[in-house]
Amino acid sequence: MAIKDQDDSLSPRKRKSQTASASLIGTGGDASSAEAINQADVIPPQQRKDLDVAHYRDRLFEEIAKFEEEREYLRSSSSDADGNLPEDPDSDEDTADLASSLMDKEMDMSVEEEIEETMTAIDHALQKIQDGTYGICDVSGEPIPKSRLELLPWASLTAQMQAMSEGE
(Lines give C-alpha, C1' and ligand atoms only; values in the text may rest on other atoms or scores of the structure.)
Protein backbone atom coordinates (compact mmCIF):
# COMPACT_ATOMS: atom_id res chain seq x y z
CA MET A 1 0.00 0.00 0.00
CA ALA A 2 1.39 3.38 -0.97
CA ILE A 3 1.92 6.04 1.64
CA LYS A 4 -0.31 9.06 1.05
CA ASP A 5 1.11 12.53 1.21
CA GLN A 6 -0.37 15.03 3.63
CA ASP A 7 -2.83 16.57 1.15
CA ASP A 8 -4.35 13.17 0.30
CA SER A 9 -5.01 12.42 3.96
CA LEU A 10 -7.32 15.42 4.31
CA SER A 11 -11.00 15.10 3.60
CA PRO A 12 -12.23 17.32 0.76
CA ARG A 13 -14.09 19.43 3.36
CA LYS A 14 -10.91 20.02 5.37
CA ARG A 15 -8.91 20.64 2.21
CA LYS A 16 -11.47 23.25 1.02
CA SER A 17 -11.36 24.84 4.46
CA GLN A 18 -7.58 25.05 4.23
CA THR A 19 -7.92 26.49 0.73
CA ALA A 20 -10.22 29.21 2.00
CA SER A 21 -7.92 29.92 4.95
CA ALA A 22 -4.83 30.02 2.76
CA SER A 23 -6.47 32.39 0.31
CA LEU A 24 -7.36 34.73 3.16
CA ILE A 25 -3.80 34.65 4.46
CA GLY A 26 -2.37 35.75 1.12
CA THR A 27 0.85 34.75 -0.54
CA GLY A 28 2.80 34.02 2.63
CA GLY A 29 2.98 30.28 1.79
CA ASP A 30 5.56 28.46 -0.28
CA ALA A 31 5.15 27.19 -3.86
CA SER A 32 3.98 23.72 -2.76
CA SER A 33 1.20 25.30 -0.66
CA ALA A 34 0.02 27.33 -3.64
CA GLU A 35 0.03 24.20 -5.79
CA ALA A 36 -2.00 22.29 -3.19
CA ILE A 37 -4.51 25.13 -3.02
CA ASN A 38 -4.95 25.15 -6.80
CA GLN A 39 -5.34 21.36 -6.90
CA ALA A 40 -8.18 21.49 -4.35
CA ASP A 41 -10.27 23.56 -6.76
CA VAL A 42 -9.62 21.41 -9.83
CA ILE A 43 -12.47 19.13 -10.86
CA PRO A 44 -11.31 16.04 -12.75
CA PRO A 45 -13.19 14.72 -15.79
CA GLN A 46 -16.46 13.13 -14.68
CA GLN A 47 -18.07 9.93 -15.82
CA ARG A 48 -21.36 11.84 -16.13
CA LYS A 49 -21.23 14.58 -18.72
CA ASP A 50 -24.83 15.69 -18.06
CA LEU A 51 -24.05 17.19 -14.60
CA ASP A 52 -22.70 20.61 -13.72
CA VAL A 53 -20.38 19.18 -11.07
CA ALA A 54 -19.13 22.63 -10.01
CA HIS A 55 -22.75 23.54 -9.14
CA TYR A 56 -23.08 20.47 -6.91
CA ARG A 57 -19.67 21.05 -5.33
CA ASP A 58 -20.73 24.59 -4.42
CA ARG A 59 -24.02 23.28 -3.01
CA LEU A 60 -22.12 20.73 -0.90
CA PHE A 61 -19.89 23.45 0.57
CA GLU A 62 -22.97 25.57 1.31
CA GLU A 63 -24.49 22.58 3.13
CA ILE A 64 -21.28 22.08 5.13
CA ALA A 65 -21.41 25.70 6.28
CA LYS A 66 -25.08 25.35 7.25
CA PHE A 67 -24.52 22.12 9.19
CA GLU A 68 -21.42 23.46 10.95
CA GLU A 69 -23.39 26.52 12.05
CA GLU A 70 -26.24 24.34 13.31
CA ARG A 71 -23.80 22.06 15.17
CA GLU A 72 -22.14 25.06 16.85
CA TYR A 73 -25.54 26.41 17.87
CA LEU A 74 -26.46 23.06 19.42
CA ARG A 75 -23.17 22.87 21.27
CA SER A 76 -23.48 26.39 22.64
CA SER A 77 -27.12 25.93 23.71
CA SER A 78 -26.22 22.60 25.30
CA SER A 79 -23.43 24.17 27.33
CA ASP A 80 -25.82 26.95 28.40
CA ALA A 81 -28.30 24.33 29.59
CA ASP A 82 -25.61 22.59 31.66
CA GLY A 83 -25.44 25.68 33.89
CA ASN A 84 -29.20 25.56 34.49
CA LEU A 85 -29.29 22.17 36.19
CA PRO A 86 -30.98 22.21 39.61
CA GLU A 87 -28.68 22.42 42.61
CA ASP A 88 -30.81 20.26 44.93
CA PRO A 89 -31.94 17.15 43.03
CA ASP A 90 -33.95 15.87 46.04
CA SER A 91 -37.07 17.98 45.52
CA ASP A 92 -39.81 16.81 43.14
CA GLU A 93 -39.72 20.05 41.14
CA ASP A 94 -35.96 19.84 40.73
CA THR A 95 -36.23 16.20 39.66
CA ALA A 96 -38.69 17.15 36.91
CA ASP A 97 -36.39 19.99 35.82
CA LEU A 98 -33.44 17.63 35.79
CA ALA A 99 -35.36 15.06 33.72
CA SER A 100 -36.41 17.75 31.27
CA SER A 101 -32.85 19.09 30.97
CA LEU A 102 -31.47 15.60 30.43
CA MET A 103 -34.11 14.87 27.78
CA ASP A 104 -33.27 18.12 25.96
CA LYS A 105 -29.56 17.32 26.10
CA GLU A 106 -30.19 13.80 24.74
CA MET A 107 -32.26 15.19 21.87
CA ASP A 108 -29.51 17.71 21.05
CA MET A 109 -26.95 14.91 21.03
CA SER A 110 -29.16 12.91 18.66
CA VAL A 111 -29.47 15.87 16.28
CA GLU A 112 -25.72 16.48 16.48
CA GLU A 113 -25.13 12.81 15.61
CA GLU A 114 -27.36 13.17 12.54
CA ILE A 115 -25.44 16.28 11.51
CA GLU A 116 -22.15 14.38 11.79
CA GLU A 117 -23.53 11.53 9.66
CA THR A 118 -24.69 13.98 7.01
CA MET A 119 -21.35 15.77 7.02
CA THR A 120 -19.62 12.41 6.54
CA ALA A 121 -21.91 11.79 3.55
CA ILE A 122 -21.03 15.25 2.20
CA ASP A 123 -17.32 14.43 2.56
CA HIS A 124 -17.97 11.23 0.60
CA ALA A 125 -19.75 13.19 -2.15
CA LEU A 126 -16.86 15.64 -2.35
CA GLN A 127 -14.46 12.71 -2.61
CA LYS A 128 -16.58 11.31 -5.46
CA ILE A 129 -16.30 14.68 -7.22
CA GLN A 130 -12.55 14.51 -6.79
CA ASP A 131 -12.51 10.91 -8.10
CA GLY A 132 -14.74 11.73 -11.07
CA THR A 133 -17.58 9.45 -9.92
CA TYR A 134 -20.06 12.00 -8.59
CA GLY A 135 -23.67 11.20 -9.48
CA ILE A 136 -23.00 7.47 -9.88
CA CYS A 137 -24.66 5.05 -7.43
CA ASP A 138 -22.11 3.38 -5.12
CA VAL A 139 -23.97 0.06 -5.29
CA SER A 140 -25.56 -0.29 -8.72
CA GLY A 141 -23.24 1.93 -10.76
CA GLU A 142 -26.33 3.56 -12.29
CA PRO A 143 -26.67 7.34 -12.66
CA ILE A 144 -28.39 9.06 -9.73
CA PRO A 145 -31.22 11.22 -11.13
CA LYS A 146 -30.55 14.97 -11.17
CA SER A 147 -33.77 15.56 -9.23
CA ARG A 148 -32.41 13.42 -6.36
CA LEU A 149 -29.06 15.22 -6.43
CA GLU A 150 -30.84 18.58 -6.29
CA LEU A 151 -32.68 17.48 -3.14
CA LEU A 152 -29.72 15.64 -1.58
CA PRO A 153 -26.49 16.69 -3.28
CA TRP A 154 -24.64 14.21 -1.04
CA ALA A 155 -26.72 11.24 -2.25
CA SER A 156 -24.48 8.31 -3.12
CA LEU A 157 -27.26 5.82 -3.89
CA THR A 158 -30.24 5.84 -6.22
CA ALA A 159 -33.61 5.96 -4.42
CA GLN A 160 -34.10 2.24 -5.15
CA MET A 161 -30.74 1.26 -3.66
CA GLN A 162 -31.35 3.55 -0.67
CA ALA A 163 -34.70 1.88 -0.02
CA MET A 164 -33.09 -1.54 -0.25
CA SER A 165 -30.31 -0.55 2.15
CA GLU A 166 -32.94 0.63 4.65
CA GLY A 167 -34.86 -2.65 4.33
CA GLU A 168 -37.93 -1.20 2.63
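Before reading further, recall that the structure is shown in the block above.
Given the structure is predicted, the values throughout are model-derived calculations rather than measurements. (Residues numbered from 1 in each chain as written. Predicted model: local features only at pLDDT ≥ 70, side-chain atom pairs only at ≥ 80, totals over all residues. Heavy atoms only, no water.)

1. Details of the nonpolar core
Note the cut-off: Nonpolar cores were defined as sets of buried Ala, Val, Leu, Ile, Met, Phe, Trp, Tyr and Cys residues, with membership established by side-chain atoms within 4.5 Å. Burial here depends on accessible area, computed with a 1.4 Å probe over protein chains only, as a share of the maximum for the residue type. Under 20% is buried, over 50% is exposed, and the range in between is partly exposed. Strands here are runs of E lasting at least two residues and helices are runs of H or I lasting at least four, both read from the DSSP assignment and numbered beginning at the N terminus. Any two residues whose heavy atoms approach within 4.5 Å at even a single point are treated as in contact.
Among the nonpolar cores identified, the biggest contains 22 residues, and Leu60, Ile122, Leu126, Tyr134 and Leu149 are the most heavily contacted of them. Mapped onto this core, the elements with two or more residues apiece are α4 (53-82) and α5 (92-131). It is α4 that contributes the most residues to this core, seven residues altogether. Once residues lying within four places of it in the same chain are set aside, the contact partners of leucine 149 are Arg48, Leu51, Tyr56, Arg59, Tyr134, Gly135, Ile144 and Ala155.

2. Considering the pattern of salt bridges
Note the threshold: For this document, the term salt bridge refers to a Lys or Arg side-chain nitrogen within 4 Å of an Asp or Glu carboxyl oxygen.
One pass over the full model with this rule turns up nine salt bridges. Salt-bridge contacts for glutamate 116 lead to arginine 75; the nearest nitrogen and oxygen are separated by 3.9 Å. With glutamate 116 in helix α5 and arginine 75 in helix α4, this residue pair connects regions lying 41 residues apart in the sequence. Relative accessible area serves as the criterion here: at 37%, arginine 75 is assigned to the partly exposed category. A salt bridge links lysine 128 to aspartate 138, with the nearest nitrogen and oxygen atoms 2.5 Å apart. Highlighted residues: lysine 128 in helix α5 and aspartate 138 in the loop between α5 and α6 (146-151), separated in sequence by 10 residues. Taking the relative accessible area as the measure of exposure, lysine 128 reaches 5% and is therefore buried. Residues joined by salt bridges that share partners form a network here, namely Arg71, Glu72, Arg75, Glu112 and Glu116.

3. Some remarks on the environment of histidine 55
Topologically, histidine 55 is positioned in helix α4. Placed 98 residues apart in sequence, histidine 55 and proline 153 show a C-alpha to C-alpha distance of 9.8 Å.

4. Structural notes on the packing of aromatic side chains
We count it as follows: Aromatic rings from Phe, Tyr and Trp, with only the six-membered ring used for Trp, were paired whenever their centres fell within 6.5 Å, and each pair was classed as stacked if the ring planes differed by under 30 degrees, edge-to-face if by over 60, and tilted otherwise. To sit over a ring, a charge needs its Lys NZ or Arg CZ within 6 Å of the ring centre and within 35 degrees of the ring normal.
What the rule picks out here adds up to two aromatic pairs. Taking the centre distance of 5.5 Å and the plane angle of 40 degrees together, the rings of tyrosine 56 and tyrosine 134 count as tilted. One end of the pair, tyrosine 56, is in helix α4; the other, tyrosine 134, is in the loop between α5 and α6, and 78 residues separate them in sequence. Note on accessibility: tyrosine 56 and tyrosine 134 belong to one class, buried. Note on phenylalanine 67 and tryptophan 154: the rings are 6.0 Å apart at their centroids and 75 degrees apart in plane angle, and the pair reads as edge-to-face. Of this pair, phenylalanine 67 sits in helix α4 while tryptophan 154 sits in the loop between α6 and α7 (159-165), placing them 87 residues apart in sequence. Above the plane of the ring of phenylalanine 67 lies lysine 66, whose end atom (NZ or CZ) is 5.0 Å from the centre.

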